[in-house]
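Coordinate analysis (summary)
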2 protein chains.
Amino acid sequence: MFNVAVLGYGTVGSGVVKVINDNNQVLKKFSGEEINVKYVLDLRDFPGDPVEKILVHDYEAILADDDVKCVVEVMGGVEPANKFVRQAIEKGKSVCTSNKELVARYGAEILQLAKDNNVAFLFEASVGGGIPVIRSINESLTADNFDSIAGILNGTTNYMLTKMSNEDLTFDEVLKDAQDKGYAERNPEADVEGYDACRKIAILTSLICGQQVDFEDISTEGITGITKQDIYYSKKLGLPIKLLGLMKKENDKVYAMVAPFMLENDHCLRNVDGVYNAVSLHGDMLGDVMLYGQGAGSLPTASAVVSDVVEIAKNNSKNIPIKWAKEKVALGDITTFKARYFVRVEGEGQSDKLRKTFENACFAPQLTGETAFVTATAFSEKEIKEKLDGYSVLNLIRIAE
Amino acid sequence: MFNVAVLGYGTVGSGVVKVINDNNQVLKKFSGEEINVKYVLDLRDFPGDPVEKILVHDYEAILADDDVKCVVEVMGGVEPANKFVRQAIEKGKSVCTSNKELVARYGAEILQLAKDNNVAFLFEASVGGGIPVIRSINESLTADNFDSIAGILNGTTNYMLTKMSNEDLTFDEVLKDAQDKGYAERNPEADVEGYDACRKIAILTSLICGQQVDFEDISTEGITGITKQDIYYSKKLGLPIKLLGLMKKENDKVYAMVAPFMLENDHCLRNVDGVYNAVSLHGDMLGDVMLYGQGAGSLPTASAVVSDVVEIAKNNSKNIPIKWAKEKVALGDITTFKARYFVRVEGEGQSDKLRKTFENACFAPQLTGETAFVTATAFSEKEIKEKLDGYSVLNLIRIAE
C-alpha cells in the first residue's frame, strides 16, 4: 500500500482522487503497489461527498503521518503551496505537482531540496496537462541537443483563436463564450496576456538547458491585440494565428518568448485547434518531434499527476534525478531575434511604395483603409520598426516557419 | 565509463556510433557516466573508417568482456539477433534493440529472461523510430485504460501515399521514386504489404494489454491495392488515405489490424505526411494523445536506441520492469469489426439503386465507368460484402473516425 495525500480538492484534486480510485488496477500494474489516497487537504467542507471521510483541514496531520509517502500538490498558486511542498520534502515525503507557477519560480531549488532529502519531486502536469512532455524530455529525448521548442501551451487562448477563425468573431465575443463554457477565468489575464504560457515555456527551456530560466526574463505578448482583421488576413494567407511559447538557440544564445505567430504551411503545430495543446522540439539527431494532447481539464491533468505518483511509487519514493541547476541561463535580447513579419499599416494602396522597402513582399487581398503584407525576409523587431518609420502600423505578427 | 558493444554497422549501427560520439556530453548529463563504444560487431570490414579500431568479427570477444555492460543490437532480422541477445542477457549484459521483428516475436520471452538475469531489455526504436512512444507507454501513460491506438507506423508507405496524392502518380510510379530515394527496399514487400506496420502494432498492443499479441494473428492489408482512382476520390471527399495500424477494445474484445483507411476531417493523424510517423492513443482519463516524429532514418532511429543506452546506464544496467506477459491476448474476429466504408463499384449512374441499400450514403463526384460513395453507417466486412452482393466491387476502404 502506497499512501498519498492530496492537497486541494478543486478541479485537478478531485480528478486525482477519481483517477486513483477508478484506475487502481492500472496503477498497481505499473507501480507494483496499491495506491491509496489517505488524506485530502482542503479548507472547505464537502458535505455528502465520499471525500469527507479522508478530508483534513490541518496540514500538520499529513506531515506527521509517516505512512504518507507522497504529497500531491494541486492547490495552485505560489504560496502556501511552496511552503507545503518544502515541508513535505523535509519530512522525507516525495512530492508531485501540477503547479506551473510554483515549478517555474522554484523548480531548481525544490529539485535540489528533494535530492538532499533523497525523495522525488515530479511535475509532469505543470506543462501541457495530459501531454507526456516533461518525462519525455527527462527520460526519452536524452540523446539529442535541442535547438528549438515551439509550443501551443495554453488551451484557453487556442480555443479562442480557433473560434475567432472558424466563426468570424471578435476577441471580446470569444472571450465571453470561453468564460461561459468555463474555459476562461472571470479574470482571464493569465491566459490571454500569455502569462500562463510564459511559465510553461520557462519550465521547458529550463529543462532543455539544464539551468534556470526566469519567467520574468521572457518577452511575453498575449492575444488581446488580435483583431477580426488579423484573422481575415490569416485565413486569406492560409497562415493560422497561434499563441506560441518559443525557445530557439542561435549562435550560442538562447532566445525565449511568448507571442502570437502566423504559422507557415508546413509548421507541425498549424493544425492544433481548440483546447488541444502541443509541443514540438527539434533535435540535432531526431529532427522534429511533436507531442499533442489535452493541455488542461480535470481528468487529463489528473492523469498526468497520477502518472507521477506511479513513478514515485515504482522508485520507492527515492530521488529521481532531473537536471535543472539554479544557475541562470543568460537569455538573448529578443529585440535582435529575426523573423519574417505580417504587417498591417493604415491607408489603402500603399503596396507600390512598400515594395520598394520590402522586396518580394507578399500582399494579401486588402481590406478597406489599410494595406497588409508578409515580408519575404526576416527582420529583428528593431529593424522592422525602423523600416516602417513614417507608416501608421496597425499590427505586426511574426511568422513561424 | 559505461562500455557498450554495437552489433551491426549498417544504417542504424553507424548512426548509433555517431550519436554516442557526437553527443557524448548530453548522454553524460542524463546518465551520469561517460558512454563509450568499446566494440562494433560486423562481418564486413570498413577500411579507412575510424570504426576499424574497435571492429570485431567474433561475438565471443564481446560476450567474454565483462567491461561491456550493454549490447546494442541493430542488425535486424530474427536470427542470429535473437541468439545474440539472449547470450548477452545470460552473461549479465543489458540489451537494447531497434529490431521490430525480434521484439514482436520474442519480446515477452526476452523480457522474462532479462528479469531473471536482473538486466534491462529496452526497444524504444522498434516502433516509430525517433518517436518516444514505447517509454511513454511504459513510464508516462500509466494512469489510464487505453481503448484504442491508431498509428501511421511505416514511413515508406506514408511517403508513397502522400506523393500519390500530391502529384497524381500511380502506385508503381511512387514505388520506383521511393526506391530511387532509398526510402523503399528493392524488395518492398515488408513495407507495402503492411508487414512492418503489423509487427509495430503487435508490439504496441502487447504493451497496452500487458500480454502477448502475435503478429501472425493480426489481419494485415497493405497499400498495393490503392489506385489513382482511389486517390482521386479521397481528394474530392477530403479524406486522405493512410496505412494505419489499429487497435481497438470493444465489449471486452481486442481488435487489431493493419489496413489503408480514409481519415475523417477531425482525425488527428490526417495531416501526418511524407516520411513522418505518428501514434495516437485514446485513454479513459487523458482522452486523445498523439506523438509525432520521424519513423525511420539512421539518426532519428539511432537517437532512440541511444536513449535506451542512457536509461540502462542510469539504472546501473539493472532490470527495468516492463509489463508484457507471455499469455496470449485472444484477438476479436476482425470480420465482425464495424466501420463506415468508402465503396467503388463498376458501372456508372448506380446511385439511385445504391441509395436504397445504403441510406444517406454520400456520393463522390464520379469517374467514368464506376460509382463511388461513402456509407453513412458502420458495417462489418461480412455485412458490407453481403450488401454489395451482385455488384462488381472495385475497392473497399474503411473510414477512420
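Reading guide: rules and limits
- Residues numbered from 1 in each chain as written.
- Chains lettered and ligands numbered in written order.
- Predicted model: local features only at pLDDT ≥ 70, side-chain atom pairs only at ≥ 80, totals over all residues.
- Heavy atoms only, no water.
- UniProt positions renumbered as here; feature names shortened; annotations may be inferred.
- Least-squares fit on C-alpha atoms with pLDDT ≥ 70 in both.
- Contact = heavy atoms within 4.5 Å.
- Buried area = accessible area lost by both parts, 1.4 Å probe.
- Salt bridge = Lys/Arg side-chain N within 4 Å of Asp/Glu carboxyl O.
- Helix = DSSP H or I, 4+ residues; strand = E, 2+ residues; numbered from the N terminus.
- Polar contact = N/O pair within 3.5 Å; in protein donor to acceptor, adjacent residues only side chain to side chain.

As annotated in an unreviewed UniProt entry, chain A is Homoserine dehydrogenase from Eubacterium ruminantium. The UniProt entry for chain A carries the following text under Catalytic activity (unreviewed entry): "L-homoserine + NADP(+) = L-aspartate 4-semialdehyde + NADPH + H(+)". A UniProt comment under Sequence similarities (unreviewed entry) is attached to chain A, and it reads "Belongs to the homoserine dehydrogenase family."

Turning our eyes to something else, we now look at the relation of the copies chain B and chain A. Superposing chain B onto chain A takes a rotation of 180° plus a shift of 0.0 Å along the axis, which leaves an RMSD of 0.0 Å. Taken together, the rotation angle and the small translation identify this as a two-fold axis. By C-alpha distance to the rotation axis, the residue of chain B lying nearest is L291 of chain B, at 2.3 Å. In this assembly, 100% of the residues forming the interface of chain B have copies in chain A that are likewise at the interface, indicating an isologous arrangement.

Quick look at the interface of chain B and chain A now. Contact residues are listed per partner, giving 47 residues for chain B and 47 residues for chain A. Regarding the contact of chain B and chain A, the summed buried area is about 4000 Å², with carbon and sulfur atoms giving 54% of it. Counting the contacts that link chain B with chain A gives 2 salt bridges. Measuring nitrogen to oxygen at the nearest pair gives 3.0 Å for the salt bridge that ties K314 of chain A to E139 of chain B.

Turning next to the side chain of R344 of chain B. Residues and elements named next belong to chain B. Structurally, R344 can be placed in strand 15 (residues 341-346). Here E370 takes part through its side chain, which lies 2.6 Å from a polar atom of the side chain of R344. Aside from chain neighbours lying at most four places away, what touches R344 is T227, Q229, D230, Y233, E370, T371, A372, S392, V393, L394 and N395.

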